[in-house]
Amino acid sequence: MKTRLPILLVAFVMAFYSNAQEQTANVELPLTEQCESLLNKKLDFLIDGSFQDEKSLQREIARLKECGIDDYDVSFFGRMSSMSAMLRKMTKEKQLEQLTFQDLFAEIEKMKATEAFEQMKKITQLSETLATRVGNLKNWNEDIKIFQELGASKNVITKVFEYLESHPDNTKTYQEILESFKK
């Protein structure tokens, strides 16, 4: 459940992003010297052979943490599908050899500014919270709100609650509880 949801959300956001109208985003350069220095560098990893898999892509995207992106952004934009969509947009204006981290950062900031991205990030983070949280009746009033925000059906919510009532000393996470229903 945890790994499938982000993949589906990535596909949704990328489709939304590619069809969205062009937005003019005023991306202000962060003030740190390290960030400004990085933004002026070319995206050599795209042409020098070091860009071979998502791990290498994530390492390069992680360099933009100096400019204010977070771990979620690194994970999301460090996927081949995300990078491919951004490259399609960036190479309409410039050749691949001319692209800089500034171009990449600007595309990331444009996408982060969309409502679809903000919603997807929120849903993913809520899903991850439930996936790792141990279910118990003490926290149920808080946890049910997360289930509702995620759009869980009343049937699922009822099953989880009934499970927790019948297992007062539960040690399973919500992900494990939901997976046990599938069996």
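Residues numbered from 1 in each chain as written. Predicted model: local features only at pLDDT ≥ 70, side-chain atom pairs only at ≥ 80, totals over all residues. Heavy atoms only, no water.

A. Looking closely at the overall build of the protein. A count of helices and strands for the protein gives ten helices and zero strands. Element order for the protein, N to C, with α for helix and β for strand: α-α-α-α-α-α-α-α-α-α. Taken across its 183 residues, the protein has 39% of its residues classed as buried. The long-range fraction of contacts in the protein, counting pairs at least 24 apart against all pairs at least 6 apart in sequence, stands at 66%. (Helix = DSSP H or I, 4+ residues; strand = E, 2+ residues; numbered from the N terminus. Buried < 20%, exposed > 50% of the residue type's maximum accessible area, 1.4 Å probe, protein only. Contact = heavy atoms within 4.5 Å.)

B. Local environment of the layout of surface pockets. Considering only enclosed or pocket space, the second largest pocket measures out at about 180 Å³ in volume. If you go around the second largest pocket, you meet eleven residues; those closest to its centre are Lys 89, Met 90, Glu 93, Glu 107 and Lys 110. Looking at the lining of the second largest pocket, the elements with two or more residues in it are helix H5 (80-93) and helix H6 (101-112). Across the lining of the second largest pocket, the residue classes break down as three nonpolar, no polar and eight charged. (1 Å grid on protein atoms, 1.4 Å probe; cavity = no way out; pocket = protein on both sides within 12 Å on 5 of 7 lines; lining within 4 Å. Points joined across faces, edges and corners; volume = space filled by probe spheres on them. Nonpolar A, V, L, I, M, F, W, Y, C, P; charged D, E, K, R; others polar.)

C. Up close: the packing of helix H7 (residues 115-132) against helix H8 (residues 140-149). In contact at an axis separation of 10 Å, H7 and H8 are set at 140 degrees when each is read in the N-to-C sense. By the angle between their directions, the pair H7 and H8 is classed as oblique. Crossing angle aside, the handedness with which H7 passes H8 is left-handed. The segment H7 lies against H8, with Lys 122, Leu 126, Thr 129 and Leu 130 engaging Asp 143, Ile 146, Phe 147 and Glu 149. (Axes fitted to C-alpha atoms, helices over the stretch in contact; angles between N-to-C directions. Parallel < 35°, antiparallel > 145°, perpendicular 65-115°, else oblique. Left-handed = near helix turned anticlockwise from the far one by under 90°.)

D. Geometry of the packing of aromatic side chains. Taken as a whole and assessed by the stated rule, the structure comprises eleven aromatic pairs. Ring geometry for Trp 140 versus Tyr 174: centroids 6.4 Å apart, planes at 45 degrees, classification tilted. In this pair, Trp 140 is assigned in helix H8 and Tyr 174 in helix H10 (residues 174-182), connecting sequence segments 34 residues apart. Given a relative accessible area of 6%, Trp 140 falls into the buried group. Assessed through its relative accessible area of 1%, Tyr 174 is described here as buried. Chaining the aromatic ring pairs together yields one cluster made of Tyr 72, Phe 76, Phe 77 and Phe 117. (Phe/Tyr/Trp six-rings, centres within 6.5 Å; stacked < 30°, edge-to-face > 60°.)

E. Region of interest: the nonpolar core. Ranked by internal contacts, the top residues of the largest apolar core, which has 27 residues, are Ile 61, Leu 64, Phe 77, Met 83, Phe 101, Leu 104 and Ile 108. Secondary structure elements with two or more residues in this core: helix H2 (33-39), helix H3 (54-62), helix H4 (71-77), H5, H6 and H7. For this core, the element with the most residues is H6, which contributes five residues. Setting aside anything within four residues of it in sequence, one finds Ile 108 in contact with Ile 61, Leu 64, Ile 69, Phe 77 and Met 86. Leu 126, Leu 130, Trp 140 and Leu 178 belong to the second-largest nonpolar core, a separate cluster that totals twelve residues. (Core = buried A, V, L, I, M, F, W, Y, C linked by side-chain atoms within 4.5 Å.)

F. Inspection of the pattern of salt bridges at higher detail. With the rule as written, the count across this model stands at ten salt bridges. Linking Glu 149 and Lys 122 is a salt bridge whose minimum nitrogen-to-oxygen distance equals 3.0 Å. Pair noted here: Glu 149 is in helix H8 and Lys 122 is in helix H7, with a separation of 27 residues, a long-range link. The class of Lys 122 is partly exposed, set by a relative accessible area of 41%. Within the structure, one salt-bridge network assembled from shared partners comprises Asp 70, Asp 73, Glu 109, Lys 112 and Lys 121. (Salt bridge = Lys/Arg side-chain N within 4 Å of Asp/Glu carboxyl O.)

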